[in-house]
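# Observations on chain architecture
Residues per chain, in single letters:
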Amino acid sequence: MPENAAEVTAAGIARLAGVGRAAVSNWRRRHADFPQPVGGTETSPSFALGEVERWLRDQGKLAEVPLRERVWQEVSGDPAGAASALIRTGCALLLVHERPMVWLELAAAGDVRFAELLPAALDDVLTARLGEPGDRPVHTPGSRELRPRVPLLRAVAELAADLGARQAFEFLLGRYLDANPRQYTLTPPDAAALMAALAGATAEGVSVLDPAAGTGTLLRAVPHPGALHAQENVPEPAALGALRLALHTDADVRVHAGDTLRADAFPRLAADAVLCHPPFNERNWGHDELAYDTRWEYGFPARTESELAWVQHALARLRPGGTAVLLMPPAAASRRSGRRIRADLLRRGALRAVVALPAGAAPPYGIPLHLWVLRRPAAGDRPPPELLLVDTAALAAPGGGRDTVDWPAVHGTVLDAWAAFERQGTVEERPGVSGAVSVIELLDDDVDLAPARHLPPPAAASGTAELARVRDRLTDTLRLTHDLVPTAVQAAGPDDPGAPAPARLPAVTVTVGELARAGALVLHAGGTGTAAPVPPAHPAPPTPVLTEQDVLAGRAPSGALPEGPPEEPVRTQEGDVVVPVLGGGSLVRVVDAATAGAALGRNLQLLRPDPAALDPWFLAGFLRGTANNRRASSYASTATRLDVRRLRLPRLPLADQRRYGERFRALAAFEDAVRLAGQLGEQLVRGLHDGLTDGSVDPG
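Residues numbered from 1 in each chain as written. Predicted model: local features only at pLDDT ≥ 70, side-chain atom pairs only at ≥ 80, totals over all residues. Heavy atoms only, no water.

The protein chain appears in an unreviewed UniProt entry as N-6 DNA methylase from Streptomyces liangshanensis.

Structural data, given as structure tokens:
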């Protein structure tokens, strides 16, 4: 194998072939000619990409590798590491984007000459967009480094011709971040858009700073910047973020790698806005070295209050009247060690609003994070007498998962309250949602700024009339549930010879994989992501995505495609059967008219049966069998994965399939009714408890 040949893991092979990882493990066990590992570890081996492609083609499991998949496999298998390869490809894409004619002239040369000429061109464009070599986190690769990777760079340019340079880089960066989820704390795009809107960063020509930039997600949410400034402690994400922003905007971009609190790269900056998702609960943030730093205008933060150090850093880098929005842990609003700094922020008018987001809005997804909106006071400004508090915790489905947040409602609630507060200095109170609280009232011994502790509770379930409606719906649903209860079937046995004989299924069965090869059904894997809907200000309506959580909860599609997706999503059709492949469950969903047209989300497998050969409800019913799922599942240390191709069905004529299908359809209707009855019952109980405790419901 050539020294720099690309390698691919079992997960990459599964993606190439459109199958689960369990199928790849089976191939390795059953086929003696399957390529041998060339690297990796015993538990996670890697294989030569070229050998794997040849084997898949010889087995009829691969017709053609999509260009974007080939490029990603080359990047992820680079001997120097995926991040290093992604930085080099980002440099090439920036040259393609900024100076396409220069790229074409260089690319016309042979590989060796191309590698010799390319560094000078890359250095010119990097300097023009990101500053001098010593002032930017992206170093110009040399010809020796580029020579073995010329085929990859040419393929990247070809991908840019298909998708555009920006989208090509976004695709590769997205794949890289997905493959390394524990290394990066990513701010979801909807949270980033909300923060940018609150900070006024949506205005044209603003200068914006992110002092903990990561890969640039927050600054990418700024639509028409005049200048973007960023600093990131880790060199690799700093370089990736710099290239991402340079591709995203024509504005001036300045990115530095380094510790922001200990070695601020922009000590004289006066930005219009600051956006920041700082690291939480950092003890080693520089407490001992920075005791006399001039940024601590509102008090020296305790060692346990690293977030308040970031708050004061953000205020110090704003122009007078500029706005900062920080994503904060909820504990920062109430910890006693930070109460003196919170009090001074209130007294001097620097803290203007605290917004409680629903759990699942941003990592860590299990807790409801806060947004702090701050403004640097200008000379002569009088501190405002009130603080805006907003609580959007109710705008998410129960469970607090990352796909449960109703982002359009969150955006509307928060931005409407903030706009009214900006205009009037106060806001009309909405119990349980938003209100303006007197600063004097907040300046007690605790200086607790958690919105839920100061906003009056909402009326229980919108009042007794709503509770009555819930009760009526529950009553109707329980009647329906009673009507739909499946008829009990008693099996014949020696104790009851008169009972009906049990159904006899044929001994001959067939796997889903065999049905797919015979053309009786088509398999598709989901891969569009599970991003929540885009903000309401987006000009185009979001495309609904059927997520894994939607299938498990039996609800309508709740996700949306990311903006400008590089991959064409799989669209559902009526009669499709959708199967979650993670978790070891046995839930299956048959797509109806209301769900048809949605894109297929991740961790879902779609089976599209030929109606002349397979009844969809028959298929779905047998796929849910517990024993069937157990046989087709593989087990890792932390998860269970279902190999859909190994699920088995009995061979039955279409008429018999439909007879089973009708029974399975009736069971699905009963299941939906039971689920709805549980939700309504929980809603009624919660509403009555709240009503009795707040006095809106008479105990008589």
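Now that the structure is up, let's keep going.
### A word on the overall build of the protein chain
Tallying secondary structure elements over the protein chain gives 23 helices and 23 strands in all. The buried share among the 700 residues of the protein chain stands at 48%. Of all intrachain contacts in the protein chain linking residues separated by at least 6 positions in sequence, the fraction that spans at least 24 positions is 71%. Roughly 32400 Å² of accessible area belongs to the protein chain as shown, and the carbon and sulfur atoms make up 52% of that amount. (Helix = DSSP H or I, 4+ residues; strand = E, 2+ residues; numbered from the N terminus. Buried < 20%, exposed > 50% of the residue type's maximum accessible area, 1.4 Å probe, protein only. Contact = heavy atoms within 4.5 Å. Areas by Shrake-Rupley, 256 points an atom, 1.4 Å probe, with all protein chains shown as cover.)

### Considerations on the side chain of R88
Looking at where R88 falls in the secondary structure, it is placed in helix 5 (residues 82-98). R88 gets classed as buried once you look at its relative accessible area, which sits at 6%. A polar atom in the side chain of R88 sits 3.0 Å from the side chain of D78. Once you skip the residues sitting within four places of it in the chain, R88 turns out to touch D78, A80, P141, E145, L146, R149 and L153. (Polar contact = N/O pair within 3.5 Å; in protein donor to acceptor, adjacent residues only side chain to side chain.)

### Side note on the sheet that holds strand 12 (residues 434-438)
One open sheet accounts for nine strands, arranged 6-5-4-7-8-10-9-11-12; its pairing is mixed. Bordering the open sheet on either side are strand 6 (252-257) and strand 12, each of which pairs with just one other strand. Neighbour-to-neighbour, the strand axes of the sheet open up by a mean angle of 15 degrees, direction not taken into account. Pairing geometry for strand 7 (residues 271-276) and strand 8 (residues 318-328), over five bridges, is parallel. In the strand pairing of strand 8, L275 is matched with V325. Set on the sheet, helix 16 (residues 407-424) makes contact with strand 9 (351-356), strand 10 (370-375), strand 11 (386-391) and strand 12; between it and strand 11 the angle comes to about 170 degrees. (Pairing = 2+ DSSP bridges. Axes fitted to C-alpha atoms, helices over the stretch in contact; angles between N-to-C directions.)

### Let's talk about the pairing of strand 4 (residues 206-210)
Of all five residues making up strand 4, five are buried, and the element is well covered by its neighbours. Of the two faces of strand 4, both are covered, the one formed by V206, V208 and D210 as well as the one formed by S207 and L209. In this sheet, strand 7 lies alongside strand 4 in parallel orientation, the contact comprising two bridges. Bridging across to strand 7, L209 finds its partner in V274.

### Some thoughts on the packing of helix 21 (residues 616-623) against helix 23 (residues 654-694)
Where helix 21 contacts helix 23, the axes come no closer than 7 Å and their chain directions differ by 65 degrees. Between helix 21 and helix 23, the interaxial angle falls into the category roughly perpendicular. Crossing hand, helix 21 versus helix 23: left-handed. Seen from helix 21, the contacting residues are W617, F618, G621 and F622; seen from helix 23, they are Q657, Y660, G661, F664, R665 and A668. Residues that form the contact of helix 21 with helix 23 fall into these classes: six nonpolar, three polar and one charged. (Parallel < 35°, antiparallel > 145°, perpendicular 65-115°, else oblique. Left-handed = near helix turned anticlockwise from the far one by under 90°. Nonpolar A, V, L, I, M, F, W, Y, C, P; charged D, E, K, R; others polar.)

### Topic: the confidence of the model for the protein chain
Per-residue pLDDT for the protein chain has a mean of 86; in total, 89% of the residues score no lower than 70. In the predicted structure, residues 529-540 sits below a pLDDT of 50 and forms 28 contacts with residues beyond four places in sequence or in another chain. (pLDDT = per-residue confidence, 0-100.)

### A closer look at unusual backbone geometry
A cis amide bond links P363 with the next residue in sequence, P364, at an omega value of -5 degrees. One can find P364 in the loop between strand 9 and strand 10. The phi torsion at V447 lies on the positive side, around 50 degrees, for a residue other than glycine. According to the relative accessible area criterion, V447 is buried, its value standing at 3%. Backbone geometry places N603, a non-glycine residue, at a positive phi of 60 degrees.

### Observations concerning the pairing of strand 3 (residues 45-48)
As paired elements, strand 1 (residues 7-9) and strand 3 share three bridges and run antiparallel to each other. Across the sheet, E7 pairs through a bridge with A48, a residue of strand 3. Here strand 2 (residues 39-40) runs beside strand 3; their pairing, made up of two bridges, is antiparallel. Among the inter-strand pairings, G39 is bridged to a residue of strand 3, identified as S46. Between the end of strand 2 and the start of strand 3, which pair antiparallel, lie four residues.

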